[in-house]
Every structure is written in structure tokens, then in C-alpha cells.
Amino acid sequence: QAQLVESGGGLVQAGGSLKLSCAASGRTFNNFNMGWFRQAPGKEREFVAAITWSGSYSYYADSVKGRFSISRDNAKNTVTLQMNSLKPEDTAVYYCAAMRGPYYYSRTYSKIDDYAFWGQGTQVTVSS
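Just so we're clear, the structure is a prediction, and the values are computed from it rather than from any experiment.

Visitor: Please clarify how the sheet that holds strand β8 (residues 78–83) should be interpreted in this entry.
Guide: Strand pairing in a sheet is mediated by backbone hydrogen bonds. Such pairs are either parallel or antiparallel. One open sheet accounts for 4 strands, arranged β1-β3-β8-β7; its pairing is antiparallel. At either margin of the open sheet sits one strand with a lone partner, and together these are β1 (3–7) and β7 (68–73). Each adjacent strand pair in this sheet contributes to an overall mean axis angle of 15 degrees, direction not counted. Judged from the 6 bridges that link them, strand β3 (residues 18–25) and β8 form a sheet pairing that is antiparallel. Opposite Cys22, over in β8, you have Val79 as the bridge partner.

Visitor: Explanation requested: the packing of aromatic side chains in the structure shown.
Guide: To describe a pair of aromatic rings, one takes the distance between the centres and the angle between the planes. Within this structure, the stated rule accounts for 9 aromatic pairs. Between Trp53 and Tyr103, the aromatic rings sit 4.9 Å apart at their centres with planes inclined by 85 degrees, giving edge-to-face as the arrangement. In this pair, Trp53 sits in the loop between β5 (46–51) and β6 (58–60) while Tyr103 sits in the loop between β9 (92–99) and β10 (115–118), placing the two residues 50 residues apart along the sequence. The class for Trp53 is partly exposed, based on a relative accessible area of 35%. Put simply, the rings of Phe37, Phe47, Tyr115 and Trp118 touch in pairs and so form one group of aromatic residues. Over the face of the ring belonging to Phe29 we find Arg27, whose NZ or CZ atom lies 5.7 Å from the ring centre. Between the NZ or CZ atom of Arg45 and the centre of the ring of Trp118, over which it lies, the distance is 5.0 Å.

Visitor: It is not clear to me how the environment of Asn30 should be interpreted in this structure. Could you clarify?
Guide: For Asn30, the location among the structural elements is in the loop between β3 and β4 (34–39). Look at Asn30 and you get partly exposed, because its relative accessible area is 22%. C-alpha separation for the pair Asn30 and Ser56, spaced 26 residues apart in sequence, amounts to 12 Å. Those residues in contact with Asn30, other than ones at most four positions away along the chain, are Trp53, Arg72, Asn74 and Asn77. A distance of 3.3 Å separates a polar atom in the side chain of Asn30 from the backbone oxygen of Asn74.

Visitor: How should the environment of Leu11 be read in this particular structure?
Guide: Assignment of secondary structure puts Leu11 in strand β2 (residues 10–13). Note on Leu11: relative accessible area 74%, which makes it exposed. For the pair Leu11 and Asn30, spaced 19 residues apart in the sequence, the C-alpha separation amounts to 31 Å.

Thresholds applied
- Residues numbered from 1 in each chain as written.
- Predicted model: local features only at pLDDT ≥ 70, side-chain atom pairs only at ≥ 80, totals over all residues.
- Heavy atoms only, no water.
- Pairing = 2+ DSSP bridges.
- Helix = DSSP H or I, 4+ residues; strand = E, 2+ residues; numbered from the N terminus.
- Axes fitted to C-alpha atoms, helices over the stretch in contact; angles between N-to-C directions.
- Phe/Tyr/Trp six-rings, centres within 6.5 Å; stacked < 30°, edge-to-face > 60°.
- Buried < 20%, exposed > 50% of the residue type's maximum accessible area, 1.4 Å probe, protein only.
- Lys NZ or Arg CZ within 6 Å of the ring centre and 35° of its normal.
- Contact = heavy atoms within 4.5 Å.
- Polar contact = N/O pair within 3.5 Å; in protein donor to acceptor, adjacent residues only side chain to side chain.

See below:
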């Protein structure tokens, strides 16, 4: 069964950095657009960043632009999210996701329903 597993979450002070990793197993996601989402307590799951299947383009929520960077290594079947200058409002469970199929078209890359494969999530807590 295809699955995604996130790692790298933890506790960090405001202004610090964390690097999240997403490892795929069961199949290759080299031809899938990939994304990161997050969900804070009492809030809806929201888009954070996405990267096209080739890694040629990336997209970010306005709230993380200039601070977060998404990348992928198709040879390792992994996707990463480098998070710098973390703020308390970044505290959330972070989820890795893959779109519905290879080369699946998305107009914005930020719509939750465009993604069909999800990891279990990893907790990121930023203290003030």
C-alpha cells in the first residue's frame, strides 16, 4: 500500500528552524505533484507549500513565503520542507500529501481536494 510518512517535527523556539521530511513507500511519487499542509487546533487544514512533479516550480502560502522552502529528491522518493524564522503561529500538525495521480492538473496547487495521499502528520510546536 502506498503511503507517506513525515518526520522531523518537534519543539523549537521562535526564530528557530526545523526541516521536515516526507518519505514515500509502496510506490514512486516521482510523477506526482506534492504538497505540505498544516492544521492547528480548532482550525481548518491549510495549504503551506507545493512542488510540481518535476521539481521545476514551487508554490507557497503567503504566510510562509520567504521563510519556508519545499524541495524534492525523486531519486530518494522524498519531499522536504525547510522551515526558517519560525513563529508561534506556525504551530500545527504538518502533513505531507500527494495529488490524485501522476501529472494531475491543479490550477492553484493549494486545494486540499486535489490531494489523495496523506501522511499521518508530524507535530511542530514553536514557543514564544
